[in-house]
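# Observations on the model geometry
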Amino acid sequence: MSEDTDHHDETARREAATDGGSAAGADGTTLDPWGSSTVEDYRKLFEEFGIEAFDEVLPEVPDPHYLMRRGVIFGHREYRDVLRAMRDGDPAAVLSGFMPTGDPHIGHKLVFDEIIWHQRQGLDAYALIADLEAHSARGLSWAEIDEHARDYLLSLLALGFDPEEGELYRQSTNRPLQDLAFELGSKANFSELQAIYGFDGETDVSHMQSVVTQMADILYPQLDGPKPTVIPVGPDQDPHVRLARDLAARMRYFKVTEAYASFETDDAERALLADAYDALATEGDDPVRCEDAAAHVAAAFDAPALVESLENAGMEPLRPRVRFLDRNATPEAFEALIEAVDGEKRVYEGHVDAFDLDHDAAAHLAREVEVDHGGYGFYAPSSLYHRFMTGLTGGKMSSSVPASHISLLDDPEEGYEKVTSATTGGRETAELQRELGGEADECPVYELYAYLLAADDDEFATRVYDECVGGERLCGDCKEQAATLMREFLADHQEKREEAAERLDSLDIDLDLDSSRR
Ligand code: TRP
Ligand code: SF4
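Residues numbered from 1 in each chain as written. Chains lettered and ligands numbered in written order. Predicted model: local features only at pLDDT ≥ 70, side-chain atom pairs only at ≥ 80, totals over all residues. Heavy atoms only, no water.

As named in an unreviewed UniProt entry, the protein chain is Tryptophan--tRNA ligase, taken from Halomarina ordinaria. Recorded in UniProt for the protein chain, the comment headed Catalytic activity (unreviewed entry) runs: "tRNA(Trp) + L-tryptophan + ATP = L-tryptophyl-tRNA(Trp) + AMP + diphosphate + H(+)". (UniProt positions renumbered as here; feature names shortened; annotations may be inferred.)

Listed below in structure tokens is the structure:
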């Protein structure tokens, strides 16, 4: 990566508070993997879709990447699983995929950097070319796909991906991937794809196949053993992540839950049982009977079905336990699980209750038995979400509008020009700018600094921000500096791409498809 440190004078150390603010277009919060996603308000994603704020895990990240420190990576799902594995030196993986629809550009660089950072933290790293998706969802010809596929991989290598340690593949030539996709397809049906992606009777089958292929991509690192896996993507890919998390769970042999009595409940009912248990349990040996809990629940809540189950259970004691529900277990695996549960246990039709195990120990055991009996034992995949970069011309950055983005293949001079022609968050006149300060939070040029040009130098990024909003920085000079840095970055990157070409050719990956494809 090219970093120009010459420009950075070492003034006062400041905390990096260079969050680019709400860098987004104006068409609301929709998450459509094939639409033109811009996200108006990232906070909504937390509430509406249950994406968690990245801030909360940041303190637990060892030596966080600058995209993490600057809030460019703003959200995640269950990233703690990956952090835990990283900390404990347990297996873990990172994977992302790229549709080869055009040149790789500076937006893709964010994801390349995320993959590479995780690889350097010791994770198994995977990057794939989503050629089936590009063909079916975007209608690209195989020839176009072949041409672009190579460009993505060259940039990834040039930025530091280690292909000896990691794996690169394209979807269409990866047989184990296709087999997994087929398997996962047996756990998803059309109504579900309709609900998630808005598919209808006109949606072609290949497009649907590209969805199960992406599900297989996401779980692919776990084919050689279950491991926490992080998928760095834009938030538009979250529907895919959610479906993959569901499918991972549906493939499991056992589901481990907490329970209080022999009969099954849903989560809400379980909470009521917990309440009843806490209210009625006493120090002594007297068990809490289901019929007493029935009276408690009937008095305190409106849950007639639960009250009925409790009444039917009558004298059965209410006791906390972990439950292993049989989902897809083979009979042998179910028997083996029963054997493997230590301490007091009860075996029922379709589930086993264990009284001396905590939830974590039970989850661990369930995975172990599953893997020993031919199952995958998938972890639900984790994800990281980054902000979309604003287009240089304002609005969204779009591959189809060349002036709006900078391709990693742009001639360095052209990159320079695009930056000098970019819109800014500056004021009408220099005078006003000095008086009011610029609007760095609304400025695509500031974003270039924060997302790319300042690289690891937080002090530099913060200084640009502070000087801008403080009115000390004027847009002309600021763009000139950014444009110069961009030119240097592109020249350096392209040199590294050339060096990478040889390495890529010596790798055993099939970039060209069989010429029989049309
Ligand atoms: N659907 C992704 C895109 O539109 C590409 C992709 C395919 C992908 N498989 C993946 C991304 C697996 C992350 C993980 O860019
Ligand atoms: Fe953007 Fe720089 Fe102008 Fe500030 S001074 S608005 S960061 S171009």
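Time to look at the packing of aromatic side chains. Aromatic ring pairs are reported here in terms of the distance separating the ring centres and the angle at which the planes meet. Overall, the coordinates contain 15 aromatic pairs when judged by the stated rule. When the ring of tryptophan 34 is compared with that of tyrosine 197, the centres are 5.3 Å apart and the planes differ by 55°; the resulting orientation is tilted. One end of the pair, tryptophan 34, is in the segment before helix H1 (42-49); the other, tyrosine 197, is in helix H8 (residues 190-197), with 163 residues separating them in the sequence. Seen in terms of ring centroids, tyrosine 169 and tyrosine 220 are 4.8 Å apart; in terms of plane orientation they differ by 55°. Their pairing is tilted. With a gap of 51 residues between them, tyrosine 169 in strand S5 (residues 167-170) and tyrosine 220 in the loop between helix H9 (205-219) and strand S6 (229-233) connect regions that are remote in the sequence. In this pair, the class of tyrosine 169 matches that of tyrosine 220, namely buried. Grouping aromatic residues by their ring pairs yields a cluster made of Trp34, Tyr197 and Phe199. (Phe/Tyr/Trp six-rings, centres within 6.5 Å; stacked < 30°, edge-to-face > 60°. Helix = DSSP H or I, 4+ residues; strand = E, 2+ residues; numbered from the N terminus. Buried < 20%, exposed > 50% of the residue type's maximum accessible area, 1.4 Å probe, protein only.)

Looking now at the site of ligand 1. Surrounding ligand 1, one finds 14 residues, the nearest of these being Met99, Glu133, Gln214, Asp217 and Gln237. Glutamine 214 places a polar side-chain atom, nitrogen or oxygen, 2.8 Å from a nitrogen atom of ligand 1. At 2.7 Å, a side-chain N or O of aspartate 217 approaches a nitrogen atom of ligand 1. The protein chains hide 91% of the 370 Å² of surface that ligand 1 would expose on its own. (Near = heavy atom within 4 Å. Polar contact = N/O pair within 3.5 Å; in protein donor to acceptor, adjacent residues only side chain to side chain. Areas by Shrake-Rupley, 256 points an atom, 1.4 Å probe, with all protein chains shown as cover.)

Time to look at the UniProt feature "short sequence motif: 'HIGH' region" (unreviewed entry) in the protein chain. UniProt records the feature "short sequence motif: 'HIGH' region" (unreviewed entry) at residues 100-108, using the numbering of this structure. Each end of residues 100-108 is marked by a C-alpha atom, and these two atoms are 11 Å apart; helix forms 33% of the span and strand 0%.

With that settled, consider the pattern of salt bridges. Considering all chains together, one arrives at 31 salt bridges under this definition. Residues arginine 80 and glutamate 60 are paired through a salt bridge, measuring 3.3 Å at the closest nitrogen-oxygen approach. Taken together, the residues span a long stretch of sequence, with arginine 80 in helix H3 (residues 79-88) and glutamate 60 in the loop between strand S1 (52-53) and helix H2 (66-69) at a distance of 20 residues. Here arginine 80 falls in the partly exposed class, since its relative accessible area comes to 31%. Across the salt bridge formed by aspartate 246 and arginine 250, the nearest N and O atoms sit 3.7 Å from each other. Taken together, the residues aspartate 246 and arginine 250, both in helix H10 (residues 238-251) and 4 residues apart, mark about one turn of the helix. Looking at arginine 250, the relative accessible area reads 25%, which means it is partly exposed. When salt bridges that share partners are traced, they join Arg69, Arg70, Asp456 and Asp458 into one network. (Salt bridge = Lys/Arg side-chain N within 4 Å of Asp/Glu carboxyl O.)

Moving on, we get to the site of ligand 2. Around ligand 2, a shell composed of Thr424, Gly425, Gly426, Gln433, Cys443, Val445, Tyr446, Cys468, Arg473, Cys475 and Cys478 is seen. The set of elements that each furnish at least two residues to the shell around ligand 2 consists of helix H18 (444-453) and helix H20 (475-506). Split by residue class, the shell around ligand 2 holds 6 nonpolar, 4 polar and 1 charged. (Nonpolar A, V, L, I, M, F, W, Y, C, P; charged D, E, K, R; others polar.)

Before going further, it helps to examine the nonpolar core. Tyr79 and Tyr449 are the most contacted members of the largest nonpolar core, which totals 73 residues. Both of domain 1 (2-250 + 379-386) and domain 3 (402-505) provide at least three residues apiece to this core. Not counting residues within four places of it along the chain, the set of residues in contact with tyrosine 79 comprises Phe54, Val57, Val61, Met68, Met86, Trp117, His118, Val230, Ser382 and Leu384. Formed by 46 residues, the second largest nonpolar core is a distinct cluster that contains Ala93, Val212, Tyr385 and Phe388. (Core = buried A, V, L, I, M, F, W, Y, C linked by side-chain atoms within 4.5 Å. Domains from an automatic or database assignment. Contact = heavy atoms within 4.5 Å.)

Turning our attention to the confidence of the model for the protein chain. Considering every residue of the protein chain, the mean pLDDT works out to 91; 92% of them sit at 70 or more. Note that residues 1-27 has pLDDT below 50 and, in this model, 64 contacts with residues that lie over four places away or in other chains. (pLDDT = per-residue confidence, 0-100.)

Given a rise of 1.5 Å per residue, 17 residues ought to cover 24 Å, and the 25 Å separating the end C-alpha atoms of helix H6 (residues 142-158) matches this to within 8%. In terms of residue burial, H6 counts as a mostly covered element, since 13 of its 17 residues are buried. Positive backbone phi, at 125°, marks glycine 160, one or two positions downstream of H6. (Expected span 1.5 Å × (residues − 1).)

Glancing now at helix H19 (residues 458-469). Given a rise of 1.5 Å per residue, 12 residues ought to cover 16 Å, and the 17 Å separating the end C-alpha atoms of H19 matches this to within 8%. Counting buried residues in H19 gives 9 out of 12 residues, a clear majority hidden from the surface. Buried within H19 we find Asp458, Glu459, Phe460, Ala461, Thr462, Arg463, Val464, Tyr465 and Cys468. Check the buried side of H19 and you find it contacts H2, H18 and H20. Just beyond H19, the residue with positive phi is glycine 471, at close to 80°.

Here the focus is the domain arrangement of the protein chain. Split into domains, the protein chain comes out as domain 1 (2-250 + 379-386), domain 2 (255-372) and domain 3 (402-505). Inter-centroid distance (C-alpha atoms) of domain 2 to domain 3 is 58 Å.

On to the packing of helix H12 (residues 290-300) against helix H13 (residues 304-313). Two elements in contact, H12 and H13, have axes separated by 7 Å at closest approach and are oriented at 160°. Relative to H13, H12 is oriented roughly antiparallel. Handedness of the H12/H13 crossing: left-handed. Mapping the contact onto sequence places Cys290, Glu291, Ala293, Ala294, Val297 and Ala298 in H12 and Leu306, Val307, Leu310, Glu311 and Ala313 in H13. Looking at the contact of H12 with H13, its residues break down into 9 nonpolar, no polar and 2 charged. (Axes fitted to C-alpha atoms, helices over the stretch in contact; angles between N-to-C directions. Parallel < 35°, antiparallel > 145°, perpendicular 65-115°, else oblique. Left-handed = near helix turned anticlockwise from the far one by under 90°.)

Further remarks concern the side chain of threonine 213. Relative to the elements of secondary structure, threonine 213 occurs in helix H9. Discounting chain neighbours no more than four positions away, the residues touching threonine 213 are Leu132, Gln171, Leu177, Gln178 and Ala181.

With respect to the element layout, tyrosine 79 can be found in helix H3. A C-alpha to C-alpha distance of 10 Å links tyrosine 79 and glutamate 56, two positions 23 residues apart in sequence.

Inspection of the secondary structure assignment puts glutamate 144 in helix H6. On the accessibility criterion, glutamate 144 (38% relative accessible area) is partly exposed.

Here the focus is the sheet that holds strand S4 (residues 124-129). Taken in spatial order, the 7 strands line up as S1-S2-S13-S6-S3-S4-S5 in an open sheet, and their pairing is mixed. Among the strands making up the open sheet, the edge pair consists of S1 and S5. Here strand S3 (residues 93-98) pairs with S4 via 6 bridges, running parallel. Paired with serine 96 across the strands is alanine 127, a residue of S4. Across the sheet, H6 is in contact with S3, S4 and S5; its angle to S5 comes to roughly 170°. (Pairing = 2+ DSSP bridges.)

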